[in-house]
Amino acid sequence: VDIRGVPLFSWLWWVYWLSFIKLGITVVKYVPQAKLNFDRKSTVGWNIYNVLLDFTGGVLSVAQLLLDGATEGWSGVVGDPIKFGLGFVSIVFDLLFMFQHYVLYTDRTDPDSRRSEVRAVSESLIDGGAL
């Protein structure tokens, strides 16, 4: 079905919009972890190596786009904004996670276990027990 020569549905159009949905999901998937790290003031419970690998993939993806653009023309970069966006979003959030892990929250003890220890000590003191 065409309207003035423009198809209402094509597979290329469908895949194009699915890629936008993937970009949106990618942005949304990183936010809860960043907020959880901020709320807990800790990065205990997840592996930094996954972040480093994701960062490497994002850098290589953007580098490939830029090298293709430099050698074959910039239409490939402009024609694939989702690939650039996915790489850029991954790089930004991975840098945030690395900053949280290596700079902000360097204490590697579980904040939840610290709370339970404090709770046990305070209950012991309330019950009149000695430490």
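Small disclaimer: the values here were computed from a predicted structure and weren't measured. (Residues numbered from 1 in each chain as written. Predicted model: local features only at pLDDT ≥ 70, side-chain atom pairs only at ≥ 80, totals over all residues. Heavy atoms only, no water.)

Interaxial distance between helix α2 (residues 48-72) and helix α4 (residues 81-104) falls to 8 Å at its minimum, and their mutual angle equals 145°. The way α2 lies across α4 gives a crossing that is left-handed. Mapping the contact onto sequence places I48, V51, L52, D54, F55, G58, V59, S61, V62, Q64 and L65 in α2 and K83, F84, G87, F88, S90, I91, D94, L95, F97, M98, H101 and Y102 in α4. Residue composition of the contact of α2 with α4, grouped by class: 14 nonpolar, six polar and three charged. (Axes fitted to C-alpha atoms, helices over the stretch in contact; angles between N-to-C directions. Helix = DSSP H or I, 4+ residues; strand = E, 2+ residues; numbered from the N terminus. Left-handed = near helix turned anticlockwise from the far one by under 90°. Contact = heavy atoms within 4.5 Å. Nonpolar A, V, L, I, M, F, W, Y, C, P; charged D, E, K, R; others polar.)

Together, W11, W13, W14, V15, Y16, W17, L18, F20, I21 and I25 make up a nonpolar patch on the protein surface, roughly 1,100 Å² of accessible area in all. Secondary-structure assignment places W11 in helix α1 (residues 11-40). (Patch = residues over 30% accessible without salt bridge, like charges linked within 9 Å, V, L, I, M, F, W, Y side chains within 5 Å. Areas by Shrake-Rupley, 256 points an atom, 1.4 Å probe, with all protein chains shown as cover. Salt bridge = Lys/Arg side-chain N within 4 Å of Asp/Glu carboxyl O.)

Our next topic: unusual backbone geometry. In this model, K41 sits at a positive phi of 55°, which is unusual for a non-glycine residue. Relative to the assigned elements, K41 resides in the loop between α1 and α2.

Quick look at the packing of aromatic side chains now. Applying the stated criterion across every chain yields a total of eight aromatic pairs. Consider the rings of Y30 and F97, whose centres lie 6.0 Å apart with planes at 50°: the pair is tilted. With Y30 in helix α1 and F97 in helix α4, the pair connects residues that are 67 residues apart, well separated along the chain. Ring geometry for F93 against F97: centres 6.4 Å apart, planes inclined by 40°, an arrangement best described as tilted. Taken as a pair, F93 and F97 lie in helix α4 at a separation of four residues, close to a single helical turn. For the pair F93 and F97, one class covers both residues: buried. Following the ring pairs from residue to residue traces out a cluster consisting of Y30, W46, F93 and F97. (Phe/Tyr/Trp six-rings, centres within 6.5 Å; stacked < 30°, edge-to-face > 60°. Buried < 20%, exposed > 50% of the residue type's maximum accessible area, 1.4 Å probe, protein only.)

Looking now at the nonpolar core. Of all hydrophobic cores here, the largest spans 12 residues; its members are L23, Y30, A34, W46, I48, V51, I82, L86, V89, F93, F97 and M98. Going through the elements one at a time, α1, α2 and α4 are the ones with two or more residues in this core. Sorting elements by how many residues they give to this core places α4 first, with six residues. Not counting chain neighbours up to four residues away, the residues in contact with M98 comprise I48, V51, L52, F55 and V103. (Core = buried A, V, L, I, M, F, W, Y, C linked by side-chain atoms within 4.5 Å.)

Turning next to the environment of G69. One can find G69 in helix α2. Each residue touching G69, except ones within four places of it in the same chain, is listed here: W74 and V77.

Our focus in this paragraph is the packing of α1 against α4. One can describe the packing of α1 onto α4 by two numbers: an axis separation of 10 Å at closest approach and a directional angle of 5°. Our classification of the angle between α1 and α4 gives roughly parallel. Partitioning the contact of α1 with α4 into residue classes produces 15 nonpolar, seven polar and two charged. (Parallel < 35°, antiparallel > 145°, perpendicular 65-115°, else oblique.)

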